[in-house]
Amino acid sequence: MKGRVTNIQRYSLHDGPGIRTTVFLAGCSLRCLWCSNPESLRNEERIMVFTSRCTGCSACLSIDTDQALTLNGKSLTFDPQKDLAKFIAVCPYKVFVKVNEEIEAEDVVKTCLRDRLFYEESSGGVTFSGGEPLLQPEFLKEVVQRLNKEGIHIAIETAGNVGFEAFEAIYPYVDLYLYDLKFIDPIQHLRYTGQDNENILSNLEKLIRLKKNIVLRMVLLDGINDTDQEWEKRFDWLKHHPSSFQRIELLAYHNFGEGKYVALGEEYPMKDQKKTDEIRIQEIKGKLESMGFDVHVENAF
């Protein structure tokens, strides 16, 4: 069985316990304005153009029959609406990169098993992220089932905006859910992600009732979802789930994904967004700890 994979990142340290391999699957139903993996949003092949790698050799221009490119010295510009895939074969500097290719489940498993020793030594494993990995449920099940048979710890990073049957299909094989919570306020969730959060919260509460192992992850954006109004709603929701999470992770907003938007020929929607205020993060952390939660802060300061 084949699935569409954006990237397989080995030696990951921030996607679950221990040393991990993170498999990013293509496709997502949300359009979070701060998304740091825009190349994984669509379940289709895409071409990224890393213009900083261009040396001005002009090999690409020899087959540019539809004026997709403009080269001025080493300065390359491109039209993302044109066929850019043909340039991959002629560019010696990997300026043009194809992502979201279809890969056999067996090949994903083999790649993940290369680092079995690191998983065993560090209590690590494999994490599936995206995009939204649960939007490729059959492929995901095929891969996690095989890894489970090999004794590999499996984590799923999800925003939860899928039918609950996608969770049910992988129940027996998953050790940990990394559940991304964007907003409690449904109006703000719709405004900033393009979807409401009724299904997301419903799925999270179902996992809680089933006593699944969950790490709740929350990105904090200055003036957007770190406001008193939003956090009053979060604290109120969380007090009804006092022992439901292994821990809560507060993630400071960063703009590390901006270069990916440029490589896709798209505008970065959060270019004027300020970094998350560290004092505000600590305030929220302190309140959560006073409620009895184990809280970890990961920031980009």
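The structure contained in this document is the topic of the report that follows.

Rules used throughout
Residues numbered from 1 in each chain as written. Predicted model: local features only at pLDDT ≥ 70, side-chain atom pairs only at ≥ 80, totals over all residues. Heavy atoms only, no water. Helix = DSSP H or I, 4+ residues; strand = E, 2+ residues; numbered from the N terminus. Buried < 20%, exposed > 50% of the residue type's maximum accessible area, 1.4 Å probe, protein only. Contact = heavy atoms within 4.5 Å. Expected span 1.5 Å × (residues − 1). Arc of directions from axis to C-beta. Pairing = 2+ DSSP bridges. Axes fitted to C-alpha atoms, helices over the stretch in contact; angles between N-to-C directions. Core = buried A, V, L, I, M, F, W, Y, C linked by side-chain atoms within 4.5 Å. Disulfide = S-S within 2.5 Å. Salt bridge = Lys/Arg side-chain N within 4 Å of Asp/Glu carboxyl O. Parallel < 35°, antiparallel > 145°, perpendicular 65-115°, else oblique. Left-handed = near helix turned anticlockwise from the far one by under 90°. Nonpolar A, V, L, I, M, F, W, Y, C, P; charged D, E, K, R; others polar.

Helices and strands together make up the secondary structure of the chain, namely nine helices and 13 strands. Projected onto the principal axes, the alpha-carbon positions of the chain cover approximately 65 × 45 × 35 Å. Classification of the 301 residues of the chain by burial places 48% in the buried group. Partitioning the contacts of the chain with sequence separation of at least 6, the portion at a separation of at least 24 is 69%.

A few words on helix H6 (residues 198-209). Compared with the 16 Å implied by 1.5 Å per residue over 12 residues, the 17 Å span of H6 between its first and last C-alpha is a close match. Taken as a whole, H6 has its buried residues at Ile200, Leu201, Asn203, Leu204, Leu207 and Ile208. Buried residues in H6, looked at end-on, bunch into an arc of 160 degrees, giving them a common side. When the buried face of H6 is taken as reference, the exposed residues oriented beyond 90 degrees from it are Glu198 and Arg209. Tucked inside the fold, the buried residues of H6 contact helix H4 (164-170), strand S10 (176-180), helix H5 (186-193), strand S11 (214-220) and helix H7 (228-238). Directly beyond the C-terminal end of H6, a positive phi value near 60 degrees is found at Lys211.

Attention now moves to the sheet that holds S11. One open sheet holds the nine strands; their spatial order is S7-S1-S2-S8-S9-S10-S11-S12-S13, and the pairing between them is mixed. Every interior strand has two partners, whereas the edge strands, strand S7 (101-104) and strand S13 (295-298), have only one. Taking the axes of each pair of neighbouring strands and ignoring which way they run, one obtains an average angle of 30 degrees across the sheet. When strand S9 (residues 153-158) meets S10, the two strands line up parallel, connected through four bridges. Bridge pairing links Ile156 to Tyr177 in S10. Against the sheet, helix H1 (residues 105-113) makes contact with strand S1 (2-12), strand S2 (20-25), S7 and strand S8 (125-129), and its axis sits at roughly 75 degrees relative to S7, the strand it touches most. Its contacts with the sheet place H7 against S11 and strand S12 (247-252), and it is angled at close to 175 degrees to S11.

Bringing the environment of Lys74 into the picture now. Note that Lys74 resides in the loop between strand S4 (69-72) and strand S5 (75-78). Measuring from C-alpha to C-alpha, the distance between Lys74 and Arg53 comes to 9.0 Å, with 21 residues separating the pair along the chain. Apart from residues lying up to four places away in sequence, Lys74 is in contact with Thr51, Cys54, Thr55 and Gly56.

The next thing to look at is the nonpolar core. Counting residues in each nonpolar core, the largest one holds 68 residues, and the members touching the most others are Phe128, Leu250 and Leu288. Excluding residues that lie within four positions of it along the chain, Leu288 makes contacts with Trp231, Phe235, Leu238, Ile248, Leu250, Phe293 and Val295. If you look at the next biggest cluster of nonpolar residues, it comprises 13 residues, including Val49, Leu76, Phe87 and Phe96.

Further remarks concern the state of the cysteines. Covalent bonding between the sulfur atoms of two cysteines is what defines a disulfide. All chains considered together, the criterion is met by zero disulfides. The thiol sulfur of Cys32 is not disulfide-bonded, and the nearest other cysteine sulfur, from Cys28, lies at 6.3 Å. In this structure Cys57 is a free cysteine whose sulfur lies 6.1 Å from that of Cys91, the closest cysteine sulfur available.

Taken as a whole and judged by the stated rule, the model has 24 salt bridges. Residues Arg10 and Asp115 are paired through a salt bridge, measuring 2.8 Å at the closest nitrogen-oxygen approach. Taken as a pair, Arg10 in strand S1 and Asp115 in the loop between H1 and helix H2 (116-122) lie far apart in primary sequence, 105 residues in all. Among the salt bridges present, the one from Glu266 reaches Arg46, with a minimum N-O distance of 2.9 Å. Of this pair, Glu266 sits in the loop between helix H8 (258-263) and helix H9 (278-290) while Arg46 sits in strand S3 (residues 46-49), placing them 220 residues apart in sequence. What emerges from the salt-bridge pattern is a single network uniting Asp15, Glu157, Arg217, Arg247 and Glu249.

What follows deals with the side chain of His189. Positionally, His189 belongs in helix H5. Residues within four places of His189 in sequence aside, it is in contact with Leu30, Lys182, Phe183, Gly194, Gln195, Asp196, Asn197 and Ile200.

Moving on, we come to the packing of H7 against H9. Their axes nearest at 12 Å, the elements H7 and H9 cross at an angle of 20 degrees. Considered as vectors, H7 and H9 are oriented roughly parallel to each other. For the element pair H7 and H9, the recorded crossing hand is right-handed. Along the contact surface, H7 presents Asp228, Trp231, Phe235 and Leu238, while H9 presents Arg280, Ile284, Lys287 and Leu288. A breakdown of the residues in the contact of H7 with H9 according to their chemical character gives five nonpolar, no polar and three charged.

Scope: geometric values only; no functional claims are made or implied.
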